[in-house]
Each structure stands twice: as C-alpha cells, then as structure tokens.
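# Understanding the architecture of this molecule
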Amino acid sequence: MNLSQMVKGAFEKAFPGGDFSFVRVVPATDPRFGDYQCNDALKIAGKFGMKPRDAAQKVAENIDASLKVEIAGPGFLNLTVSGDWLASRLAEMDDSANLAVPQNGEGKRDVIDYSSPNAAKQMHIGHIRSTVIGNAIDRIFRALGYEVIADNHLGDWGTQFGILIMGYRQCLSEDERVNLSVANLEKCYVLSAARAKESEDWKNACRTELVKLQRGDEENLALWRKFIDISISEFDRMYAKLGVRFDTYRGESFYNSMMPGVVDRLLEMGLAKESEGALIVDLEDEKLGVAIVRKSDGGYNYTTSDLACVGSRVADYAPERIIYVTDDRQQLHFRQFFSISAKMGYDVKLVHVPFGLMSYQGKAISTREGNLIKLDDLLSESVRRSYEIVKDRGGDEALAQAIGFGAVKYADLSHDPATAIDFNWDKALALEGNSGPYLQYACARVSSLMAKAGEIDLSNVAFAVDTPTEKRLALQLLEFPGAVVRAAEAYKPSILADYLFQTAQLYSSFYQNSPILKSEERLRNARLKLCSLFGRVLSRGLELLGIESPKRI
Ligand code: ARG
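So, how was this worked out
Residues numbered from 1 in each chain as written. Predicted model: local features only at pLDDT ≥ 70, side-chain atom pairs only at ≥ 80, totals over all residues. Heavy atoms only, no water. Helix = DSSP H or I, 4+ residues; strand = E, 2+ residues; numbered from the N terminus. Expected span 1.5 Å × (residues − 1). Buried < 20%, exposed > 50% of the residue type's maximum accessible area, 1.4 Å probe, protein only. Arc of directions from axis to C-beta. Contact = heavy atoms within 4.5 Å. Axes fitted to C-alpha atoms, helices over the stretch in contact; angles between N-to-C directions. Parallel < 35°, antiparallel > 145°, perpendicular 65-115°, else oblique. Nonpolar A, V, L, I, M, F, W, Y, C, P; charged D, E, K, R; others polar. Salt bridge = Lys/Arg side-chain N within 4 Å of Asp/Glu carboxyl O. Core = buried A, V, L, I, M, F, W, Y, C linked by side-chain atoms within 4.5 Å. Disulfide = S-S within 2.5 Å. Near = heavy atom within 4 Å. Polar contact = N/O pair within 3.5 Å; in protein donor to acceptor, adjacent residues only side chain to side chain. Areas by Shrake-Rupley, 256 points an atom, 1.4 Å probe, with all protein chains shown as cover.

This next bit is on helix H1 (residues 3–14). The first and last C-alpha atoms of H1 sit 17 Å apart over 12 residues, in line with the 16 Å expected at 1.5 Å per residue. Of all the positions in H1, only Leu3, Ser4, Met6, Val7, Ala10, Phe11 and Ala14 are classed as buried. The buried residues of H1 all sit within an arc of 165° when viewed along its axis, so they share a single face. Here the buried face of H1 lies against strand S2 (36–38), helix H2 (41–45), helix H3 (52–61), strand S4 (76–80) and helix H4 (83–95).

This part is about the packing of helix H5 (residues 128–143) against helix H21 (residues 521–544). It is the contact of H5 with H21, at a shortest axis distance of 8 Å, that shows an interaxial angle of 125°. Overall, the two elements H5 and H21 adopt an arrangement that is oblique. Contacts from Ala136, Arg139, Ile140 and Ala143 in H5 reach Arg540, Glu543 and Leu544 in H21. Within the contact of H5 with H21, the residues separate by chemical class into four nonpolar, no polar and three charged.

Moving on, we come to the pattern of salt bridges. Under the criterion given, the structure shown has 35 salt bridges. The residue Arg385 makes a salt bridge to Glu381 at a minimum N-O spacing of 2.8 Å. Of this pair, Arg385 and Glu381 both sit in helix H14 (residues 375–390), separated by four residues, roughly a single helical turn. Taking relative accessible area as the criterion, Arg385 reaches 28% and is therefore assigned partly exposed. Between Lys391 and Glu388 there is a salt bridge, with the nearest N and O atoms lying 3.0 Å from each other. Since its relative accessible area comes to 36%, Lys391 is described here as partly exposed. In this structure, a network of salt bridges that share partners links the residues Asp138, Arg142, Arg245 and Asp247.

Ranked by internal contacts, the top residues of the largest apolar core, which has 155 residues, are Phe11, Phe480 and Leu496. If near-sequence neighbours (up to four positions away) are discounted, Phe11 is found in contact with Phe20, Val23, Cys38, Asp40, Ala41, Ile44, Val59 and Leu77.

A few words on the state of the cysteines. Scanning the model with the defined rule gives zero disulfides in all. Free of any disulfide, Cys443 has its nearest cysteine sulfur in Cys531, 12 Å distant. Assessed through its relative accessible area of 6%, Cys443 is described here as buried.

We now examine the site of the ligand. Every residue close to the ligand is listed here: Asp113, Ser116, Asn118, His153, Tyr302, Asp306, Tyr324, Thr326, Gln330 and Phe334. Tyr302 places a polar side-chain atom, nitrogen or oxygen, 2.8 Å from a nitrogen atom of the ligand. Protein coverage of the free-state accessible area of the ligand, which is 350 Å², stands at 85%. Among the elements of the structure, helix H12 (302–317) and strand S10 (321–327) are those that each provide at least two residues to the shell around the ligand. Among the residues forming the shell around the ligand, the class breakdown is three nonpolar, five polar and two charged.

Okay, here's the thing in structure tokens:
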C-alpha cells in the first residue's frame, strides 16, 4: 500500500462514508517539514463543520502508527517515515519487474502521431524534436501499460510530386535514376522547382504530371511509390540509429480518397459553408478564425486531410486519445481541426504537444545561415566527438554511438518541450552537468562498483536506510513511478529527465558520504543493494527516454 492509500484510509476511518479519492500525499517541499505532506484535511474541514486543524487532528489519530505525524500551520499533515518503512518500500519496488510503475493505461489504446517528415527530402536537425519527444512519450505510455499505436504521418502527397516527377525525368542522369537516393530526389526537386520559376511551360508540365498522378496514372503512381519507398528506407536508417520504431506509416496519401467524404459530411451537418468559391468552417465564435476545407480550385488541404485522418483512426483503432507532436507554429491548425472534429462527433480525445524551435550553436536553423544540417551528419558528428572522449579509456565505436546518440536526444529531452532550445555541443557532451553522458556515466559507475564487489548475489540482502543521505536517496528512488506518471500526464519527458538528473545527484552525494566496499559486510551489502536499485531506476528511466545505458564507460 502506498502512502496516499494509507492516509486516505485514515480519512475514511475518521469520517466514515466520505469520498476521499482526492487525497494525495506528496514529497515534502522542505525536509524540516518531514518527508511527505498531505494538505487535504483543509479541503474537508468545512464540509464536516470543523476547524481545519481539528479535522487534521482527527485524521492524524487514525494514521498507522508506523508513520510519525505532525500537524502544522492551518492543518497540514507532515509525515515522517522510518528507515524500516523506507526499506520495505524499496524492497517492494525492487521486487517489481517494472519498478512499481503503475499500469494506469491497461486496457487503453492511444495513437501517437510523431516524427512525420515530408517525403523526398532528407531529415535535418529540425526533425529531431518531433522524433525524439514523440518517441519518449511513446515509450513512457507503453511503460504505463497503454497500448500505443505509433503512427508516422508522412507528408507523402501534394504539389511537390508534380515537380519531382518532372525533375526525375528531366534533371537526373540515367545513373542517378538507377541508383535513386533521397539526396538525388532532393537535388532534382531543387533543379525542377528552379526551372518552374523561370518557365511557364515547365510549370505547366509539372502541373500536368501532378494531375496525372492524382488521377491514378500508372506510370506516375509507380514513380511516386518509388519516391516514397526510397524516402521511407532512408528515414528508417535514421530511426534505427535513434532506436525509434513505428507501428504504421500512414502518410497523408492514405487519407486522400477520404477527403471528399469529409467535406460531404461537413456540408450535411451544416458545419461548412461557401465563401469566395472556397468551402470554409467558421470558427470565429471560438476566436479560431476560419478553416478552409476545400479551396476555390477544388483542392483539399491540411485541415481536410487531418479530419479524414481522425475519422479513419477512430474507425480502425478506436483509440481513447490521439497525441500529435509537432512544432508550435502549427498550433492554430490543431486547434481548428480539433474543434471541427468535436463538432463532427468523433469520440476521441485529441491532444497537441507543441514544441519550440531549436537553434544550433546559438544560430537559427535555416538554409541562409548554412546550418540546415542533415540529421545523419549531426549524429555522425556526435559519434565522432564521443569517440574522442572514450577512446583513451578503451571505448569502441559501439560505445561512442551509445553516447553520441544519447547526448543528442538528452539535449532535447532535458528541456520542457514547450520552450525553444539551443543545441550546443559542449553542453550536450559535458561529462558534468545535466547531460546524457553524465547520466550514462553514473549508470556505468554502478556496474563497475558491482563488478568490483565481485558481483555478489544481493537477492537475499535486506535494504537498510539509516543515514540522512541514504534516506534522501531512498525517498527519491521511491518517486520514480510518480515521475513517470507526471511525465505522461503533462506530455513532458523533461519531467522524467529532471527526475533522473536529481536522482543521480543525490546518488553521487550518497556515494561520497557512505563508504561501501570498505564497510563491514552487512552494511556493505545493504548499500550495494541501494546502489543497484539506483542503477536499475536510472537505466530504466534512460530507456524510457530512448537512451542506452552502457555497462562500461
Ligand atoms: N508533415 C507535417 C510536418 O512536417 C507534420 C504532420 C503532423 N501530423 C499531423 N497529423 N498533422 O510539419
């Protein structure tokens, strides 16, 4: 039973028949006020016609004697736990395969739509955030027992394909066509788009190819398929490096044939109306402007496509929730189609997780700044720099990869997604401070400590929590499940990252203050057991952020 349940039980005993499901015990903000606190007696006093302090007193009298309770201020309950109590909680956590992370999501299914790059282009550093944040949310939700459908909503349909088809046919050499790569696609797109700017004829030819493709012309469709397949295999190469995998790759093209149906339904429901030849949904009442669902030339757009996508996901997966991870410039788009989707009656919770812009070494990422760096190059550079760090310690390429990829991910995940971030090599690869390598190193030190101790079997060793640093570390380790839950509730992997960093710091002060291998056997083993649990928590936490924890650094 956890503390919240214990204290809730005391409320129930003190005030029989009341509903106390809201009762929560949280870690104390200041150790002078005990280890944990509960402020909920204040909430109920009025209801039972009592002074808050008296209500708190009544609850306190019913709290299990193993907890020390003090009433403070207007009626706060301050709880102090004993070393034995902590030791038995640690043992429970250690015995649990998932480190006591509650399975809140059991029986629930969510779709997470992330990464979603546009086809026929190479991924660049601007694609890191959606991929890495989305994947961490995906992992955190799975850890909580949710059934997750990770869906890569590729930008694989649209006007660019007319330009690409022309470019492919006219601007590439035979050899480039045979050995087609995303780099070649990108090249022929640039060439063809430039020609279209110069020449009306070229522009018209691109349009003609696009229309042919949209009408299902076999040759163009085959080319399009080829472009998409090549793009996906290139993306997959990046995803393999980043440890990211998707359950489906339903891009925009998948929903293309459903768009007329969406518009018909909007018309039937009286939600859409004509305006200057286009069809719009007026959302002025909600201060969301108007959303165009069919352009005056008859074409559909992003809103229509996302509405078709909601309908299709609801029909195919019946999810409770769909989570979209994109940059914050798309906020209006999401608000608009979420609102329309609700009006259409789709029974699904829609959540947009917007993230801020990323700059690189203090400069905006743009072609003009010349730093629209390819994701592949960034990752290679990170591995190269990591190799420089580990080679003198006998580290190999595999270790350099684990550190290099982890550093790039953590540099992003350690920040609140909503904020703009700057990617900086010195910070990302720092061995001290809030970085991926620092946490990986802390993990590896636990493994080497265990090796030094001779890999003793700790399964029958009891936890013991005596000193203040042991107690602080124990309290912190017990917060792991809470950190995972909070990260999921807020859609912020940064909450878990912060938790891991704090935990590593507390571990480090415990480690400095508590002799381990030199202590007598009972103490040594109890401390090793605490170290080993810390190692498990840290490496599991890193895993939920998509970061490996190498055994040796
Ligand atoms: N392809 C879009 C982009 O590159 C992101 C798509 C996000 N998902 C969605 N269902 N709209 O910005």
